Amino acid sequence: MSESSTAQRLYALIPCAGSGSRAQAPGATLAKQYQSIAGQPMVMHTLAAFAAVPAIRDVLVVVAPGDDFFEHHSAPCVVRDCGGDSRARSVRNGLHDLFEQGARGDDWVLVHDAARCLVTPSQIEALVAACRDDPVGGLLAHRLPDTLKQEDGSGRVAATLPRDDKWLAQTPQMFRIGLLSRALDAALASDPDAVTDEASAIEALGLAPRLVPGGALNFKVTYPEDFALAEQVLRGRAGEKP
Ligand SMILES: Nc1ccn([C@@H]2O[C@H](COP(=O)(O)OP(=O)(O)OP(=O)(O)O)[C@@H](O)[C@H]2O)c(=O)n1
Ligand SMILES: C[C@](O)(CO)[C@H](O)COP(=O)(O)O
């Protein structure tokens, strides 16, 4: 952290309590974040990226109640089984846990999907560098690479939309713990379905998070075909032949 923010500490919070329903092959039951990619459960790749960023004080992983994955896998993180029934509730519960661990409201948190396992230490560090002196905080995001269509509701195009000002939200998303906690509490109380990321809760307070370029490869493993691409990228980074 810079001189102006040395008093604030930096935490990471990894929501890891989803079931991955869109990623499941028929009959599969293992949550996507625990499925093997390039020789390791997906979440272990995610955690390795955060472990390689020295500025991060602690990494908190939020799993579903009763999830015993980390009793069988050793990882450089604190694990709490306080996951909720939506991503936003899992994050909100994790923030409460960080306060119980001694975090302060003006400390920073990087919230990152367990299922976004291709994030790199340099992407995380770029976000931290861009946000550490920012009054609001921000997120990694990716400019739309394709033409953007609006549907008319029947599978046909209603319009082609301007895309110069459109970005795909990624994670990590970096905010002060106190501000984010208040924002999520308010958003969950008023319109829980609208809070699909941390930035949307902050926006609902009238604030404008900073957009920091991420990259196409920082995608979230969401659909069955995403596993093969993530596997190829990780094996390529490890110097293995495809
Ligand atoms: N109740 C939930 C739901 C999601 N997540 C986490 O939030 C991240 C991003 O969510 P998403 O990709 O939507 O994961 P799932 O909810 O697991 O997927 P799906 O919507 O396909 O079921 C994942 O790392 C997931 O584990 C969570 O911690 N708690
Ligand atoms: C937070 C997020 O990764 C930003 O793109 C995303 O919104 C989470 O996934 P979901 O499919 O919206 O639950």
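Keep in mind that this is a model prediction, so the values were computed, not measured.

**A closer look at the overall build of the protein**
Moving on, step 1. Helices and strands together make up the secondary structure of the protein, namely seven helices and 11 strands.
Moving on, step 2. A compact globule built from 242 residues would reach a C-alpha radius of gyration of about 18 Å, and the protein, at 18 Å, matches this within 12%.
Moving on, step 3. Each of the three principal axes of the protein carries a C-alpha extent, and together these read 50 × 45 × 35 Å.
Moving on, step 4. Buried positions account for 37% of the 242 residues belonging to the protein.
Moving on, step 5. Here the contacts in the protein between residues at least 6 apart in sequence split such that 69% fall between residues at least 24 apart.

**Here we look at the site of ligand 1**
Moving on, step 1. Every one of the 22 residues lining ligand 1 counts as a neighbour, but Pro15, Gly18, Ser21, Arg22 and Ser90 are closest to it.
Moving on, step 2. Of the residues assigned to the shell around ligand 1, the class counts are seven nonpolar, 10 polar and five charged.

**Concerning the UniProt feature "site: Positions MEP for the nucleophilic attack" (unreviewed entry) in the protein**
Moving on, step 1. Within the UniProt annotation, "site: Positions MEP for the nucleophilic attack" (unreviewed entry) is assigned to Arg163 and Lys220.
Moving on, step 2. Residue position: Arg163 is located in the loop between β9 (157–161) and β10 (167–176).
Moving on, step 3. For Arg163, a count of 13 C-beta atoms within 10 Å gives the class partly exposed.
Moving on, step 4. In this structure, Arg163 is in contact with Leu144 and Leu148, ignoring residues within four places of it in sequence.

**Some points on the site of ligand 2**
Moving on, step 1. Around ligand 2, the neighbouring residues are Arg87, Asp113, Ala169, Gln170, Thr171, Thr196, Asp197 and Lys220.
Moving on, step 2. Considered class by class, the residues forming the shell around ligand 2 number one nonpolar, three polar and four charged.

**With respect to the sheet that holds β10**
Moving on, step 1. Read across the open sheet, the seven strands follow the order β5-β4-β1-β6-β10-β7-β11; overall the sheet is mixed. The open sheet has two edge strands, β5 (78–80) and β11 (210–213), and neither has a second partner. Pairs of neighbouring strands in the sheet enclose a mean axial angle of 30°, with direction left out of account.
Moving on, step 2. Here strand β7 (residues 138–143) runs beside β10; their pairing, made up of five bridges, is antiparallel. Directly across from Arg143, in β10, lies its bridge partner Trp167.
Moving on, step 3. Contacts between helix α5 (residues 177–190) and the sheet are confined to β6 (108–111) and β10, with β10 contributing the most and set at about 120° to the helix.

**Regarding helix α3 (residues 87–100)**
Moving on, step 1. Compared with an ideal rise of 1.5 Å per residue, which puts 14 residues at 20 Å, α3 spans 20 Å between its outermost C-alpha atoms and is within 8% of the ideal.
Moving on, step 2. For α3, every residue scored as buried is listed here: Ala88, Ser90, Val91, Arg92, Gly94, Leu95 and Leu98.
Moving on, step 3. Along its buried surface, α3 packs onto β1 (10–15), β4 (58–62), β5, β6, α5 and α6 (198–203).
Moving on, step 4. Of the residues one or two after α3, Gly102 is the one with positive phi, at around 110°.

**Remarks on the nonpolar core**
Moving on, step 1. Counting 58 residues, the largest nonpolar core has Ala12, Leu13, Val109 and Leu180 as the members making the most contacts within it.
Moving on, step 2. The contacts of Leu180, once residues within four sequence positions are left out, are Leu95, Val109, Phe175, Glu198 and Ile202.

**Topic: the UniProt feature "site: Transition state stabilizer" (unreviewed entry) in the protein**
Moving on, step 1. Cross-referencing UniProt, the feature "site: Transition state stabilizer" (unreviewed entry) maps to Arg22 and Lys32 in the present numbering.
Moving on, step 2. In this fold, Arg22 is placed in the loop between β1 and β2 (36–37).
Moving on, step 3. A count of 12 C-beta atoms within 10 Å places Arg22 in the exposed class.
Moving on, step 4. Residue contacts for Arg22: discarding those within four places in its chain leaves Thr222 and Tyr223.
Moving on, step 5. Here Lys32 shows up in the loop between β1 and β2.
Moving on, step 6. When residues no more than four places from it in sequence are discounted, the contact partners of Lys32 are Gly20, Ala23, Met42, Ala115 and Val221.

**Topic: the pairing of β10**
Moving on, step 1. With respect to burial, β10 is a largely interior element, seven of its 10 residues being buried.
Moving on, step 2. As judged from the four bridges shared by β6 and β10, these two strands associate in the antiparallel manner. If you follow Leu110 over to β10, its bridge partner there is Met174.

The rules we used
- Along each chain, the written sequence defines residue order, and numbers are assigned to residues from 1.
- Here every chain gets a letter starting at A, and every ligand a number starting at 1, in the order they are written.
- It should be noted that, the model being predicted, local features are given only for residues of pLDDT at least 70 and side-chain atom pairs only at 80 or more, the latter also being counted only at that level, while totals for whole chains, interfaces and linings use all residues.
- Helical segments are the DSSP runs of H or I of at least four residues, strand segments are the runs of E of at least two, and each set is numbered from the N terminus.
- Both definitions apply: the radius of gyration is a C-alpha atom measure, and the globule rule equals 2.2 Å times residues to the power 0.38.
- Here the C-beta atoms are placed from the backbone, and a residue counts as buried if at least 20 other C-beta atoms lie within 10 Å of its own, exposed if 12 or fewer do, and partly exposed otherwise.
- By definition, residues are in contact whenever their C-beta atoms, placed on the basis of the backbone, come within 7 Å of each other.
- Here, nearness is defined through the C-beta atom: a residue counts as near a molecule or strand if that backbone-placed atom lies within 6 Å of it.
- The nonpolar class holds Ala, Val, Leu, Ile, Met, Phe, Trp, Tyr, Cys and Pro. Asp, Glu, Lys and Arg form the charged class, and all remaining residues, Gly among them, are polar.
- UniProt positions are given in the numbering used here, feature names are shortened, and annotations may be inferred rather than shown by experiment.
- For two strands to count as paired, DSSP must find a minimum of two bridges between them.
- Axis definition: a line fitted to C-alpha atoms, limited for helices to the stretch in contact. Angles are taken between N-to-C directions and run from 0 to 180 degrees.
- Between the first and last residue of a helix there are one fewer steps than residues, each counted as 1.5 Å, and that sum is the expected span.
- Buried Ala, Val, Leu, Ile, Met, Phe, Trp, Tyr and Cys residues form a nonpolar core when they are connected through C-beta atoms within 7 Å.

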